[in-house]
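A look at the structure
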Amino acid sequence: MVETSATTVTGEPASGPRKSSWKYIGPGIVVAATGVGAGDLVATLIAGSKFGYTLMWAAVIGCVVKISLAEAAGRWHLATGRTLFDGWRSLGPWTTVYFAIYVVVWGFIYGATAMSSSALPIVALFPDGPGLKFWAIVTGLIGLVFVWFNRYAVFEKVMTVLIGIMFVVVVYVAARVVPDVGASFAGLLPVLPDGSLLYTLGLIGGVGGTITMAAYGYWVNAKGWSDTSWMKVMRLDNRVAYITTGIFVVAMLIVGAELLHASQIALTSGDRGLLDLGKVLEDRFGDGTAKLFLVGFFATSFSSLIGVWHGVSLMFADFVERFRVLAEGADPAQEHEGREAAERRQRSAPFRAYLLWLTFPPMTLLWLDEPFGLVIAYGVLGAFFMPFLALTLLWLLNSSRTPREWRNGWLSNGMLGLAGLLFIVLCVQQVRELPW
């Protein structure tokens, strides 16, 4: 990837290239806070509890892979002035069909999952208060009202606070268990213990976001970054995001290795595993540390909730906008993407309709077991999304759809190709494990 003089999609010189500066950081913080959920932390803890520090190298590779994917999504938005869905649409109608089914089914089940995950630590902190269903509904409604009435700038500030809480708590807990520095450095040497392949692939590919990685370019535009003069800033922002994610993963591996591995303590899979860890921390370090951890658990879950409520609703609004233009037979040419387009979408009916879809229909799943067929559809569609994202970005960024100076270089092609292969393997494994 070689940077040359920046131009807009109209061929005019962009404003002078902006120096990468910490003061611009924002969308990366949002994508990191959204992408790391409670289930990701549990998966990392379990890997640490089973294999100690041995898979530390996989966490580092996963960080690099995610940097490459998010950079590609952001580069597409800035270099072309088009949204990612507009790029997908240019690859053929099959992308529209896939995304339409995916975003409806995924949103329905994810809404219930996000609300339950956010409610779990509240119930643990206030065991004598209302139950899980009550708090799940409350967190969903708070997320709905917050995203409905606030624009990106306020949303980003709140996400920054939440990721700050997550960071302090996770690093504090890792420090309390006193990491073995020598063993952690030894874990950077690639080794695959018996039975570790799936855990390794999960660490590389599973932590740090799925559809929220595709939303990164939309948040870049909402921030006001609209042309190639922001490319250096976006790349710094993205690296900060996934280095932060990498620190989360390493810290939870340390906790799993030091607190659980030696004692052979097993955690429940899924979000409830963090409640198990809270009890272990209470036994080991006292009630104060356990409560602090539950606050971090809530910040982790609720940041993912409002991040999806905002980012995926933006994507859905763009999807409806493109579909409507094509259905009307109008010229699909569009304005250059930037803050104004993002703000218009945040006020649009499709944006708010998807917010309602994420919030109210999923509440029914809080009382009902998830329907078998819906679980299968959710699992299959979700498993296919990351290969879909990696391979379509590889396609778009090597084609004439992208200005020549911003197409992939050998490094980007290598990383996106590696990501595509990795996610295909994970996809096959996830589909095999579904309860057919």
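Residues numbered from 1 in each chain as written. Predicted model: local features only at pLDDT ≥ 70, side-chain atom pairs only at ≥ 80, totals over all residues. Heavy atoms only, no water.

1. Overview of the overall build of the protein
Counting secondary structure elements, the protein contains 17 helices and 0 strands. In the protein, which comprises 436 residues, the proportion classed as buried is 56%. Taking the contacts inside the protein whose residues are at least 6 apart along the sequence as the reference set, 86% of them involve residues at least 24 apart. Accessible surface for the protein amounts to roughly 17,500 Å². Of this, 66% is attributable to carbon and sulfur atoms. (Helix = DSSP H or I, 4+ residues; strand = E, 2+ residues; numbered from the N terminus. Buried < 20%, exposed > 50% of the residue type's maximum accessible area, 1.4 Å probe, protein only. Contact = heavy atoms within 4.5 Å. Areas by Shrake-Rupley, 256 points an atom, 1.4 Å probe, with all protein chains shown as cover.)

2. Comments concerning the packing of aromatic side chains
Two descriptors summarise a pair of aromatic rings, namely the distance from one centre to the other and the angle between the planes of the rings. Taken as a whole, this structure holds 25 aromatic pairs when the rule is applied. Aromatic pair tryptophan 88 and phenylalanine 388: ring centres 4.9 Å apart, planes at 55°, arrangement tilted. Note that tryptophan 88 is positioned in helix 4 (residues 84-90) and phenylalanine 388 in helix 16 (residues 372-396), a separation of 300 residues in sequence. With respect to burial, tryptophan 88 and phenylalanine 388 carry one shared label: buried. (Phe/Tyr/Trp six-rings, centres within 6.5 Å; stacked < 30°, edge-to-face > 60°.)

3. A word on the nonpolar core
Counting 137 residues, the largest nonpolar core has Leu69, Trp88, Trp309 and Phe385 as its most contacted members. A per-element tally of this core places helix 11 (residues 231-261) first, with 17 residues. Among all residues touching tryptophan 309, those that are not within four sequence positions of it are Tyr110, Gly111, Ala114, Gly140, Gly143, Leu144, Val147, Leu355, Leu358 and Thr359. (Core = buried A, V, L, I, M, F, W, Y, C linked by side-chain atoms within 4.5 Å.)

4. Notes on the packing of helix 3 (residues 56-80) against helix 9 (residues 197-205)
Helices that pack against each other are described as a pair by the angle of their axes relative to one another and the distance between those axes. Taken N-terminus to C-terminus, the directions of helix 3 and helix 9 make an angle of 35°; their axes are 7 Å apart at the nearest point. With respect to the hand of their crossing, helix 3 and helix 9 are arranged in right-handed fashion. Every residue of helix 9 that contacts helix 3 at Trp57, Ala58, Ile61, Gly62, Val65 and Lys66 is listed here: Thr200, Leu203, Ile204 and Gly205. The residue inventory of the contact of helix 3 with helix 9, partitioned by class, reads 6 nonpolar, 3 polar and 1 charged. (Axes fitted to C-alpha atoms, helices over the stretch in contact; angles between N-to-C directions. Left-handed = near helix turned anticlockwise from the far one by under 90°. Nonpolar A, V, L, I, M, F, W, Y, C, P; charged D, E, K, R; others polar.)

5. Points about the environment of alanine 215
Checked against the element boundaries, alanine 215 lands in helix 10 (residues 211-222). Note on alanine 215: relative accessible area 0%, which makes it buried. Sequence separation between alanine 215 and serine 313 is 98 residues; the distance between their C-alpha atoms is 9.3 Å. In contact with alanine 215, not counting residues within four places along its chain, are Gly311 and Met315.

6. Examining helix 3
For helix 3, with 25 residues, the first-to-last C-alpha span of 37 Å sits near the 36 Å given by 1.5 Å per residue. Helix 3 sits mainly inside the fold: 22 of its 25 residues count as buried. Residue glycine 81 follows helix 3 closely and has a positive phi angle near 70°. (Expected span 1.5 Å × (residues − 1).)

7. Quick notes on the pattern of salt bridges
Evaluated as defined, the whole model comprises 12 salt bridges. Of the charged contacts, one joins lysine 223 and glutamate 156 as a salt bridge, the two residues approaching to 2.9 Å between their closest N and O atoms. On the criterion of sequence distance, the pair formed by lysine 223 in the loop between helix 10 and helix 11 and glutamate 156 in helix 7 (residues 152-176) is long-range, its members being 67 residues apart. Glutamate 156 matches lysine 223 in its accessibility class, with the two residues each being buried. For arginine 344, the salt bridge identified is with glutamate 321, shortest N-O distance 2.9 Å. Here arginine 344, found in helix 14 (residues 339-346), pairs with glutamate 321, found in helix 13 (residues 287-327); they are 23 residues apart in sequence, far enough to count as distant. We classify arginine 344 as partly exposed; its relative accessible area is 31%. (Salt bridge = Lys/Arg side-chain N within 4 Å of Asp/Glu carboxyl O.)

8. What about the side chain of serine 348?
Counting through the fold element by element, serine 348 comes out in the loop between helix 14 and helix 15 (349-359). The class for serine 348 is buried, based on a relative accessible area of 18%. Of note is the side chain of serine 348, whose polar atom sits 3.4 Å from the backbone nitrogen of phenylalanine 351. (Polar contact = N/O pair within 3.5 Å; in protein donor to acceptor, adjacent residues only side chain to side chain.)

9. Description of unusual backbone geometry
Note: most residues except glycine have negative phi, and most peptide bonds are trans. Even without glycine at this site, valine 178 takes up a positive phi of about 60°. Inspection of the secondary structure assignment puts valine 178 in the loop between helix 7 and helix 8 (181-186).

10. Quick look at empty space enclosed by the protein
Applying the stated criterion across every chain, the model contains 3 cavities of 30 Å³ or more. In this structure, the second largest cavity spans a volume of roughly 40 Å³. Taken together, Leu41, Met166, Val169, Val170, Leu274, Phe293, Gly296, Phe297 and Thr300 make up the lining of the second largest cavity. Taken together, the elements giving at least two residues each to the lining of the second largest cavity come down to helix 7 and helix 13. Element by element, the count of residues in the lining of the second largest cavity is highest for helix 13, at 4 residues. For the lining of the second largest cavity, the residue count by class is 7 nonpolar, 2 polar and no charged. (1 Å grid on protein atoms, 1.4 Å probe; cavity = no way out; pocket = protein on both sides within 12 Å on 5 of 7 lines; lining within 4 Å. Points joined across faces, edges and corners; volume = space filled by probe spheres on them.)

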